[in-house]
Amino acid sequence: MLQNEYDHEKFFAEYAKMPRSREGLTAAGEWHQLQPLFPPLEGKRVLDLGCGYGWHCKFAASQGAVQVLGLDLSRKMIAEAQKRNVENQIEYRICGIEEYEYPENMWDCVISNLALHYIAPIDRIFQKVHKTLKQDGIFLFNIEHPVFTAGVGQDWVYTDEGTPKYWPIDNYFFPGERNTHFLGCDIVKQHHTLTQILMGLLNNGFELNAVEEAEQPAEMRDFPEMKDEMRRPMMLLVKATAKKAVP
């Protein structure tokens, strides 16, 4: 999380410049893998945890979802979502992932994109998501890969000429806070091991359907900002189904 209001303003200004912020899902390097994982959404109710600019909310509405709720803790993100992606089915709410009430058996699909690595009690969120999903509801999320969050300072080790040499990993098996520098700001993220993420789902009533490590599409690999992204995984995509005891 951002440490102060100044960092929040600076972060938002830099975030707005990113291709995925300007152009939406087609500019996101993981979208070619994430999109096929979505279940059919015609007539469904969808919850988006950490909706940002609302791109995934808009996608859900375009696929026929009858109700979409996007949550984000940032007032600025919600304000942008309301300007950019306003369909009748979508409601946006300023609310943290941990603070949402998670009504029982409410949603057919819960999605979360690049937000859960800011949450320390991830196991508790899995419990709440399982509670709020209907029987056989889908939980689809994209989280920073444990190799990425365990990266030292989440940055490369560079040669004297400034070329990325290798990606260092340390303290992998010690979950918790990681201080990093992103978009010119000091940010606190949470490192979760692969075991924590996958077994956390299995231990909380989910059945795993898909686990994928995001790879940049071939047409993006020559972009200057993407040229080293195939050297280590940055994102982990997971699809799981909520299984509930039949009364």
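Since this is a predicted model, take the numbers as computed values, not measurements.

Student: Would you take a moment to explain the overall build of the protein chain for this structure?
Tutor: Across its full length, the protein chain carries eight helices and eleven strands. Against the compact-globule benchmark of 18 Å for 247 residues, the protein chain has a radius of gyration of 18 Å, which places it among compact chains. Over its C-alpha atoms, taken along the principal directions, the protein chain stretches across nearly 65 × 40 × 40 Å. In the protein chain, 66% of the contacts between residues at least 6 apart in sequence involve partners at least 24 apart. Here the protein chain contributes 26 positively and 35 negatively charged side chains, and the mean placements of these two sets differ by 4 Å.

Student: When you look at the nonpolar core in this model, what are you seeing that I'm missing?
Tutor: Buried together is how nonpolar side chains tend to be arranged in soluble globular proteins. Counting 29 residues, the largest nonpolar core has L47, L116, V129, F139 and F141 as its most contacted members. For this core, the elements supplying multiple residues, two or more each, are β1 (45-49), β2 (67-72), β4 (107-113), α6 (122-132), β5 (133-144), α8 (194-202) and β11 (235-242). Counting 28 residues, the second-largest nonpolar core is a separate cluster that includes A28, L34, C51 and Y53.

Student: How do you make sense of the sheet that holds strand β3 (residues 90-94) when you look at a structure like this?
Tutor: In a beta sheet, neighbouring strands are held together by backbone hydrogen bonds and run either parallel or antiparallel to one another. Within the open sheet, the seven strands sit side by side as β3-β2-β1-β4-β5-β11-β10. Their pairing is mixed. Every interior strand has two partners, whereas the edge strands, β3 and β10 (206-213), have only one. Averaged over all pairs of adjacent strands, the angle between their axes in this sheet comes to 15 degrees, without regard to strand direction. When β4 meets β5, the two strands line up parallel, connected through six bridges. Its bridge partner being in β5, S112 is matched across the sheet by F141. Running at roughly 145 degrees to β5, α6 makes contact with β1, β4, β5, β10 and β11 of the sheet.

Student: Sorry, what's going on with unusual backbone geometry here?
Tutor: A negative phi angle characterises most non-glycine residues, just as the trans form characterises most peptide bonds. A positive phi angle, close to 55 degrees, is found at N105, a residue other than glycine. By the element assignment, N105 lies in the loop between β3 and β4. Of note, the phi angle at D136 is positive, near 65 degrees, even though the residue is not glycine. Tracing the backbone through its elements, the reader meets D136 in strand β5.

Student: Help me understand the confidence of the model for the protein chain in this model?
Tutor: In regions of low pLDDT, the predicted coordinates are not meant to be interpreted in detail. The predicted model of the protein chain has a mean per-residue pLDDT of 90, with 90% of residues at 70 or higher. Counting interchain partners and residues more than four positions distant, the pLDDT-below-50 stretch residues 2-6 has eight contacts.

Student: I tried to follow the packing of aromatic side chains on my own but got confused; where do I start?
Tutor: Within a pair of aromatic rings, the relevant descriptors are the distance that separates the centres and the angle that separates the planes. What the rule picks out here adds up to eleven aromatic pairs. Between Y100 and Y102 the ring centres are 4.8 Å apart and the planes differ by 70 degrees, which places this aromatic pair in the edge-to-face class. Judged by relative accessible area, Y100 falls into the buried class, the value being 4%. With relative accessibility at 1%, the residue Y102 sits in the buried group. Judged by centre distance (5.0 Å) and plane angle (80 degrees), the ring pair of Y172 and F173 falls under edge-to-face. The side chain of R232 reaches across the aromatic face of W167, ending 4.4 Å from its centre.

Calculation notes
- Residues numbered from 1 in each chain as written.
- Predicted model: local features only at pLDDT ≥ 70, side-chain atom pairs only at ≥ 80, totals over all residues.
- Heavy atoms only, no water.
- Helix = DSSP H or I, 4+ residues; strand = E, 2+ residues; numbered from the N terminus.
- Rg over C-alpha atoms; globule rule 2.2 N^0.38 Å.
- Contact = heavy atoms within 4.5 Å.
- Lys, Arg positive; Asp, Glu negative; His and termini not counted.
- Charge placed at Lys NZ, Arg CZ, Asp CG, Glu CD.
- Core = buried A, V, L, I, M, F, W, Y, C linked by side-chain atoms within 4.5 Å.
- Buried < 20%, exposed > 50% of the residue type's maximum accessible area, 1.4 Å probe, protein only.
- Pairing = 2+ DSSP bridges.
- Axes fitted to C-alpha atoms, helices over the stretch in contact; angles between N-to-C directions.
- pLDDT = per-residue confidence, 0-100.
- Phe/Tyr/Trp six-rings, centres within 6.5 Å; stacked < 30°, edge-to-face > 60°.
- Lys NZ or Arg CZ within 6 Å of the ring centre and 35° of its normal.

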